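Below, each chain spelled out in residue letters.
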Amino acid sequence: MDPILLVRNLSVAFDDELIIKGVDFALEKGDNLAVIGPNGAGKTILLRALMGAVPYSGTIAWAKGTHIGYVPQKIDADRHLPITMRNLLNAKARVLALPDADIKRAVNAANLTKNILETPVGHLSGGQFQRALIAFALLGRPEVILLDEPTASIDKPGEIQIYELIHGLQDEYGMTVVLVSHDLSFVNRYANKVLCLNKIGVCFGSPEEALTPEVLDKLYGGPHKYYRHLHSNGATKRSA
């Protein structure tokens, strides 16, 4: 099977400062890739490069006809701005000339209630707003969704709901997911591939194979504790 994404020798630099150097990986359709690494490792820049939003050298080759949805880490919304998520979804649908059925599909997929749709975006909770951004990204029926730390400003219960939502989208629509995360328990529970990034590609592979204590020490500069979720029986194991 041809990969949906092939990345070879990817490098990004701004004003002669190297942000990412020589990164290589490939994804098949339906993969769930977690991108992990310390602050300043280039994770957000990687997503922007994958969308073609920043100049880069090397190869980023998407399968022909691939449509990409993007969920940013955070958008600051003016609490006094009388714009609702329904307004934003309708506006994007008009620009893309999408039927109302596509809006309904995105709303249902992200579990948006009428209250969330009709509340000014500046008054939505962190979890509500993140789900709304996922619905916004789903318009146009992308095969791939890129998410930049989608639970960064959400409490633990909301974080679990967002992860389950993303996992459900992958199961229902066969989407390919690329998700930046600091939560290694998420990596082991949901991702089937992991890219360890600290300007260079420190590791790439399945979480079980790639996330060794030695790799994590190299990635984070010291011991890094996390929880490993075992898929077979739901047990949880602490690793160092």
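All residue numbers here refer to positions counted from 1 along the written sequence of the relevant chain. It should be noted that, the model being predicted, local features are given only for residues of pLDDT at least 70 and side-chain atom pairs only at 80 or more, the latter also being counted only at that level, while totals for whole chains, interfaces and linings use all residues. The basis for the side-chain values is all heavy atoms of the structure; hydrogens and waters are excluded.

Draft legend 1. Region of interest: the packing of aromatic side chains. Whether two aromatic rings pair depends on their centres lying within 6.5 Å, for rings of Phe, Tyr and Trp, where Trp uses its six-membered ring; planes under 30 degrees apart make the pair stacked, over 60 edge-to-face, and the rest tilted. On inspection of all chains with the given rule, the structure shows four aromatic pairs. Here the aromatic cluster, defined as three or more aromatic residues joined through ring pairs, consists of Tyr163, Phe186 and Tyr190. We call a charge positioned over a ring when the NZ of a Lys or the CZ of an Arg lies within 6 Å of the ring centre and within 35 degrees of the ring normal. For Lys92, the ring lying beneath its charged end belongs to Phe136, and the centroid distance is 4.5 Å.

Draft legend 2. Examining the pairing of strand E1 (residues 5-14) more closely. Only strands that DSSP links by at least two bridges are regarded as paired with each other. Strands are runs of DSSP state E lasting at least 2 residues, helices are runs of H or I lasting at least 4, and numbering of each runs from the N terminus. Bridging between E1 and strand E2 (residues 17-27) involves seven bridges; their strand directions are antiparallel. Bridging from a neighbouring strand, Phe14 pairs with Glu17 of E2. Connecting E1 to the next strand, E2, in antiparallel fashion are two residues, including Asp15 with a positive phi near 50°. Two elements, E1 and strand E4 (residues 57-62), share five bridges in a ladder whose sense is antiparallel. Bridge pairing in E4 places Leu5 opposite Trp62.

Draft legend 3. Examining the environment of Thr176 more closely. Position of Thr176 among the secondary structure elements: in strand E7 (residues 176-180). Remark: the alpha-carbon pair of Thr176 and Pro142, spanning 34 residues in sequence, is separated by 9.2 Å. In this analysis, two residues are considered to be in contact whenever any of their non-hydrogen atoms come within 4.5 Å of each other. Excluding residues that lie within four positions of it along the chain, Thr176 makes contacts with Ile4, Leu27, Glu28, Lys29, Gly30, Asp31, Glu143, Val144 and Ile145.

Draft legend 4. Local environment of the sheet that holds strand E8 (residues 193-198). Strand order in the open sheet formed by six strands is E5-E6-E7-E3-E8-E9, with mixed pairing between adjacent strands. With partners counted over all chains shown, the strands left at the sheet margins are strand E5 (68-71) and strand E9 (200-205), one partner each. Sheet twist, expressed as the mean angle between neighbouring strand axes with direction ignored, is 15°. Inspection of the sheet shows E5 paired to strand E6 (residues 144-148) by four bridges, in the parallel sense. Looking at the pairing, Gly69 lines up with Ile145 of E6. Simply put, an axis is a line fit to the C-alpha atoms, just over the touching stretch for a helix, and the angle between two N-to-C directions goes from 0 to 180 degrees.

Draft legend 5. Layout of the nonpolar core. Buried residues of nine kinds, namely Ala, Val, Leu, Ile, Met, Phe, Trp, Tyr and Cys, make up a nonpolar core once their side-chain atoms join them within 4.5 Å. Remark: exposure states derive from per-residue accessible area (1.4 Å probe, protein chains only) relative to the maximum for the residue type, with buried under 20%, exposed over 50%, and partly exposed in between. Residues Leu89, Leu112, Ile134, Ile145, Val187 and Cys196 are the most contacted members of the largest nonpolar core, which totals 49 residues. The dominant element in this core, judged by the number of residues it contributes, is helix H5 (residues 126-138), at seven residues. Counting 25 residues, the second-largest nonpolar core is a separate cluster that includes Ile19, Val35, Ile45 and Leu197.

Draft legend 6. Representation of the packing of helix H2 (residues 85-95) against H5 within the structure. It is at 10 Å that the axes of H2 and H5 come closest, and there the two elements cross at 15°. Considered as vectors, H2 and H5 are oriented roughly parallel to each other. Helix-helix and strand crossings are classified by hand; for H2 and H5 the assignment is right-handed. Facing H2, whose interface residues are Met85, Leu88, Leu89 and Lys92, H5 presents Ala132, Ala135, Phe136 and Ala137. For this classification, Asp, Glu, Lys and Arg are treated as charged, while Ala, Val, Leu, Ile, Met, Phe, Trp, Tyr, Cys and Pro are nonpolar and the rest, including Gly, are polar. For the contact of H2 with H5, the class distribution of residues is seven nonpolar, no polar and one charged. Under this scheme an angle from 65 to 115 degrees is roughly perpendicular, one under 35 degrees roughly parallel, and one over 145 degrees roughly antiparallel; angles in between are oblique. The crossing is said to be left-handed when, going from far helix to near helix, the turn is anticlockwise and less than a right angle, and right-handed when the turn is clockwise.

Draft legend 7. Broad picture of the pattern of salt bridges. A side-chain nitrogen of Lys or Arg and a carboxyl oxygen of Asp or Glu constitute a salt bridge if their distance falls within 4 Å. Tallied over the entire structure, the rule returns six salt bridges. Residue Asp102 pairs with Arg141 through a salt bridge whose shortest N-O separation is 3.3 Å. With a gap of 39 residues between them, Asp102 in helix H3 (residues 100-109) and Arg141 in the loop between H5 and E6 connect regions that are remote in the sequence. Residue class for Asp102 comes out buried when judged on its relative accessible area of 11%.

Draft legend 8. Highlighting the state of the cysteines. Two cysteine sulfurs form a disulfide in these notes if their separation is within 2.5 Å. Taken as a whole and assessed by the stated rule, the structure comprises one disulfide. Between the sulfur atoms of Cys196 and its disulfide mate Cys203 the distance is 2.0 Å. Around the S-S axis, the bridge from Cys196 to Cys203 shows a dihedral of about 40° and counts as right-handed. According to the relative accessible area criterion, Cys203 is buried, its value standing at 10%.

Draft legend 9. Fine view of the side chain of Asn188. Its location among the elements puts Asn188 in helix H7 (residues 184-190). A relative accessible area of 1% means that Asn188 is categorised as buried. Counting of polar contacts relies on pairs of N or O atoms within 3.5 Å, with two restrictions inside protein: one atom must be capable of donating a hydrogen and the other of accepting it, and residues adjacent in sequence are counted only when both atoms are side-chain atoms. Side-chain polar atoms of Asn188 contact the backbone oxygen of Leu184, separated by 3.0 Å.

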